[in-house]
Amino acid sequence: MRPTTARPGTAMITGVTGQDGSYLAELLLAKGYTVHGLMRRTSSFNTERIDHIYQDPHTPGRRLVLHHTDLSDGVSLVNLLREIRPDEVYNLGAQSHVRVSFDAPLHTADVTALGALRLLEAVRAAGLDTRVYQASSSEMFGATPPPQNEHSPFHPRSPYGCAKAMAYWSTVNYREAYGIYAVNGILFNHESPRRGETFVTRKITRAVARIEAGLQHELHLGNLDAVRDWGYAPEYVEAMWRMLQQQEPDDYVVATGVPATVRDFLAAAFGAAGLDWQRYVRHDPKYERPAEVDQLVGDATKARTLLGWEAAVHYDELARIMVEADMRRLADMPVRSRAGVAS
Ligand code: NAP
Ligand code: F7E
C-alpha cells in the first residue's frame, strides 16, 4: 500500500451523482479527503444521492465541492484538473445503461469511450502526477464464458460494452505510453438501494414494495435466464480506492463469484416480502436486447490476494436489503407522490 501522506488527499470524481459516485464520495470524505465532484447540468435536480453530504459553498473549510461539466467537454476537464490539482481521479461518469446503449450508440460512445479518453488526455495535458481510476465493466467480456478474470478475452455484445472496451485500452495505453498511474477496475454488477430504477434489480425491488403496498399489480420483464454476479455497491467503492493505493498500477476484477439468474433474484426479492413472484411477473419482449450477455461470473482472486478485498454480501442478502429500503422509502413518501412508472 502507498504510505499515507501528511496532508489528506484531494480527489476528483466524475459521475458523483450516480450510485457509485455517491458511495465513493462518502468513503473518501470519511477518510479525510477533499472531494471535488463533477456533475452534468440537468433541467431537474439530479443530486438526490448526494444531498445528505452536500455542503453549502459558504460552509467554512468544506470538503465536498461540486462543479458543473460534462464528459463531452474536454476543455472544461483540463481547466478543472489545472484548478483542482487532484491526487486521485475516479472516472465513474458514463451512459451506463446497456439496453439504452442500443438506442443511443453514438452518445454512449461519446460519453463512455471518448469521455474516458478526454479525461486521460486532460490529465496528460495538465502535466499532473495524478492517479486515475477507470470504471471498467464485466460487460467487456460479453460472450466469453465464465468464470471471467483479468486474462479473459473481451467479446462485448452492446455499444456500451464496446465503449467500455475502448476506455479500458485507452487507460492501459496512457499507463504504458506516458507512465501515468492509471488502473482499470473491472467491476461486475453491483447494486444497492441507490441503484437506478431501470436496472433489473432495482426495478424488481421497487416493484415488490409497490405490489406489497397495493400500488402495482404486475411487473413486466425481459430475459429471466441471464446469469449475473450481483454484489453490494458500498463494498465495491472500497476496492476502487484500494486500487489507487498500490505501489504499481494494475487492473483488477471485482466480483462476488456467486452466479444467480434474474429468476433467482426475483425469488429472493419477492420472497423477502413473503410473495410468490410467479403471480406478478409478465414477459415483455420490449425489455430484451438485440444481443444478450448470457453469463457473467467473476473470478476476483487477484483482488483478494493483492488488495485484500473480498465481497461479503451476495445476491440473496442484497435483494433483502434493497426490498426493505424500497419499502421504507415508500412508507416515507407522501401519498400524492406514490404514482410512478415502473419501466
Ligand atoms: P450510474 O448510477 O448510471 O451513474 C453514472 C453517472 O454518470 C451519473 O452521475 C450520471 O449523471 C453521470 N453521467 C452520465 N452522462 C454524463 C455525461 N455526459 N457527462 C458527465 N457525467 C455523466 O452508474 P453507476 O452504477 O454508479 O456506475 C458507475 C460507473 O461504473 C459507470 O461508469 C458504469 O458504467 C460503471 N460500472 C457500473 C457497474 C454497476 O454494476 N453499477 C458495473 C461495472 C461498471 P446523472 O446523475 O446526471 O445521470
Ligand atoms: O440487466 C435482464 C437483462 O440492466 C441485467 C450496468 O450497471 O451491469 C449493468 O448492466 C440482466 C440483463 O444490468 C429486464 O437482459 C430482464 O441480462 O440490470 P441490467 P446489465 O445489463 O447487466 C454492468 C456490469 C454494467 O457495467 C452496466 O453499466 O437483466 N433483464 N428483464 C432486464 N434488465 C433490465 N434493465 N430491465 C428489464 O426489464
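Structure first, text after, so check above.
This section reports on the structure supplied with the text. (Residues numbered from 1 in each chain as written. Chains lettered and ligands numbered in written order. Predicted model: local features only at pLDDT ≥ 70, side-chain atom pairs only at ≥ 80, totals over all residues. Heavy atoms only, no water.)

1. Remarks on the environment of Ala 268
- Among the secondary structure elements, Ala 268 is positioned in helix α8 (residues 262–272).
- Since its relative accessible area comes to 17%, Ala 268 is described here as buried. (Helix = DSSP H or I, 4+ residues; strand = E, 2+ residues; numbered from the N terminus. Buried < 20%, exposed > 50% of the residue type's maximum accessible area, 1.4 Å probe, protein only.)

2. Notes on the sheet that holds strand β11 (residues 252–254)
- Taken in spatial order, the seven strands make up an open sheet running β3-β2-β1-β4-β5-β6-β11, and their pairing is parallel. The sheet terminates laterally at β3 (64–68) and β11, the two strands that pair on one side only. Taken pair by pair, the neighbouring strands of this sheet meet at an average axis angle of 20°, ignoring direction.
- Sheet strands touched by helix α7 (residues 233–243): β4 (88–91), β5 (131–137), β6 (182–187) and β11. Its angle to β6, the strand with the most contacts, is close to 160°. (Pairing = 2+ DSSP bridges. Axes fitted to C-alpha atoms, helices over the stretch in contact; angles between N-to-C directions. Contact = heavy atoms within 4.5 Å.)

3. A closer look at the site of ligand 2
- Around ligand 2, the surrounding shell holds 22 residues, and the nearest of these are Ser 96, Ser 137, Tyr 160, Arg 289 and Glu 292.
- Between Ser 137 and ligand 2, the recorded distance is 2.6 Å, taken from a side-chain N or O atom to an oxygen atom.
- For ligand 2, whose accessible area on its own is 700 Å², the fraction buried by protein is 96%.
- Partitioned by chemical class, the residues of the shell around ligand 2 number eight nonpolar, eight polar and six charged. (Near = heavy atom within 4 Å. Polar contact = N/O pair within 3.5 Å; in protein donor to acceptor, adjacent residues only side chain to side chain. Areas by Shrake-Rupley, 256 points an atom, 1.4 Å probe, with all protein chains shown as cover. Nonpolar A, V, L, I, M, F, W, Y, C, P; charged D, E, K, R; others polar.)

Function cannot be inferred from these measures alone, as they are strictly geometric.
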